[in-house]
Structure formats: structure tokens, C-alpha cells
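The chain contents come next:
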Amino acid sequence: MKNKTFKTGALVFGLALLGSTQTFAQSEEKGNQKPPSFSELLKKLDANEDGKLSENEVDGPLKEQFATIDADKNGFITEAEMKPKAKEAKSEKKSKGQGKGMPTYTELLEQMDADKDGKLSKSEVKGPLKNDFSKVDTDKDGFLSEAELKNAPKPERPQRR
């Protein structure tokens, strides 16, 4: 009886160890995964095989950032546009301290500048920025400049009790 219990316990332990090893190996594979190269993206996504990616051919984060990556605004992402943008975006966020979800001035223009005049008016801005527009527009010209946004006071958070 003791021998059978020991064998059962050893079998259960072995199966548990095997299962945890496989799970650990899979999680390591996901953690070490690199973003696909442009040629890999072309193989997967370039439906018409023209060597470029149109907005209709991409999805996920690439689709979300399409307008930013498509530097020449021709409706296609080329390999040349992919390489510098990825590095530029990372270094820009690090250098400006924008890694915490705070958009850059360029990103705000892309998102909010409805008339594409390169300036943000009160009618174009949204959210907390609209509420604090008069505080941020220090020169009172009716538009927010990059310098004004950089020097803008942080939005006040409601105090917790």
C-alpha cells in the first residue's frame, strides 16, 4: 500500500513538474519575441505584393500608428519609413519624458488639428486640455504652441479622503 501511494505521489509530482516546465518555456518564448522585420510583415500582410503596406493591409498597432509612420503621407508604409520611425518614436518619448501616456505636440496636432493649420485652437482640443485652455494659452493668442504645452501646469487631481 505504501509503495502504491509512493508511486502515485511520484507520478503526480513528475506530471506537475513537466507541466510547469512547459509553461515556463512558453512564457520565456513570448518574452523574448522580437517585433517582425519589414520583410516578414510584407510576407504576412502585403496582399497585392507591391512591396509597400497600405492602411487596408495592416492591423493592430501598425494600423493605429499608420498616419505617424507614413511620413510622406502617400497612403503606404515603405521599409524606409518603418526603420527610422520606430527608433525616432522611442527616442522622442524617452528624451521628452513622454513614456507615460502623455502625447507629444506632434501627436496632439495629428489627433486634434481638424483644420490642419498646424495650430491647436480651443474648438479643436478635447478633454482636460480644453478645460485648462486659458491657463495653457499664456500668450492669449487663441492657440496652443508647443512651448506653451511643454510649460503647461500639470492637471490637478482631485484629493482623496
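Residues numbered from 1 in each chain as written. Predicted model: local features only at pLDDT ≥ 70, side-chain atom pairs only at ≥ 80, totals over all residues. Heavy atoms only, no water.

**A short note on the side chain of E57**
Basically, it comes down to this: Only runs of H or I of at least four residues qualify as helices and only runs of E of at least two qualify as strands under DSSP, and these elements are numbered from the N terminus. To sort residues, take the accessible area from a 1.4 Å probe on protein chains only and compare it with the maximum for the residue type: under 20% means buried, over 50% means exposed, and anything in between is partly exposed. This count recognises Lys and Arg as positive and Asp and Glu as negative, with His and chain-terminal groups excluded. Counted as salt bridges are all cases of a side-chain nitrogen of Lys or Arg within 4 Å of a carboxyl oxygen of Asp or Glu. Pairs of N or O atoms within 3.5 Å make up the polar contacts considered here, provided that, within protein, one atom can donate a hydrogen while the other can accept it, and that residues adjacent in sequence are counted only when both atoms are side-chain atoms. Residue contacts are defined here by distance: any two heavy atoms, one from each residue, within 4.5 Å place the two residues in contact.
Assignment of secondary structure puts E57 in the loop between β1 (53-54) and α3 (60-64). One buried charged residue, E57, remains without a salt bridge, the closest side chain of opposite sign being K52 at 9.0 Å. Looking at E57, its side chain comes within polar contact range of the main-chain nitrogen of N48, at 3.3 Å. Other than its neighbours up to four places away in sequence, E57 contacts L45, D46, A47, N48 and K52.

**Observations regarding the packing of aromatic side chains**
Note the following rule: The aromatic pairing rule takes the rings of Phe, Tyr and Trp, using the six-membered ring of Trp, and pairs them if the centres are within 6.5 Å, calling planes under 30 degrees apart stacked, those over 60 edge-to-face and the rest tilted. Over a ring means this: the NZ of a Lys or the CZ of an Arg is within 6 Å of the ring centre and within 35 degrees of the ring normal.
What the rule picks out here adds up to 0 aromatic pairs. The ring of F143 carries K119 above its face, with NZ or CZ at 4.2 Å from the centroid.

**Remarks on the confidence of the model for the protein**
Our working definition: Values of pLDDT, which run from 0 to 100, indicate the predictor's confidence residue by residue.
On average, the protein scores 74 in pLDDT, and the residues at 70 or more come to 64%. Looking across the protein, the model is least confident in helix α5 (residues 79-96), with a mean pLDDT of 56, and most confident in strand β3 (residues 120-121), with 90. Contacts from residues 92-99, a stretch scored under 50 in pLDDT, to residues over four places away or in other chains number 7 contacts.

**Some remarks on unusual backbone geometry**
The phi torsion of most residues other than glycine is negative, and most of the peptide bonds are trans. A positive phi angle is found at E49, which is not glycine, with a value near 55°. Relative to the helices and strands, E49 is located in the loop between α2 (38-45) and β1. At K73, a position not held by glycine, the phi torsion is positive, near 55°.

**Focus on the nonpolar core**
Our working definition: Among the buried residues, those of types Ala, Val, Leu, Ile, Met, Phe, Trp, Tyr and Cys that are joined through side-chain atoms within 4.5 Å form a nonpolar core.
Core analysis: the largest hydrophobic core is formed by 12 residues, namely Y105, L108, L109, M112, L120, V125, L129, F133, V136, L144, L149 and A152. Apart from the residues lying within four places of it in its own chain, the contact partners of Y105 are G118, K119, L120, L144, S145, E146 and L149.

**Details of the environment of S54**
Here S54 shows up in strand β1. Relative accessible area serves as the criterion here: at 14%, S54 is assigned to the buried category. Ignoring sequence-local partners within four residues, the contact set of S54 consists of F66, G75 and F76.

**Things to note about the environment of D59**
Within the element layout of this structure, D59 appears in the loop between β1 and α3. Using a relative accessible area of 53% as the deciding quantity, one classes D59 as exposed. D59 sits 14 residues away from L45 along the chain, and the two C-alpha atoms are 8.9 Å apart.

**Quick look at the pattern of salt bridges**
Pairs may arise between side chains of opposite charge once their charged atoms sit close together. This model, assessed by the stated rule, comprises 1 salt bridge. In this structure, K150 engages E146 in a salt bridge whose closest nitrogen and oxygen atoms are separated by 3.9 Å. With K150 and E146 both in helix α9 (residues 146-150) and 4 residues apart, the pair spans about one turn of that helix. Of the residues examined, K150 reaches a relative accessible area of 57% and is grouped as exposed. We classify E146 as partly exposed; its relative accessible area is 31%.

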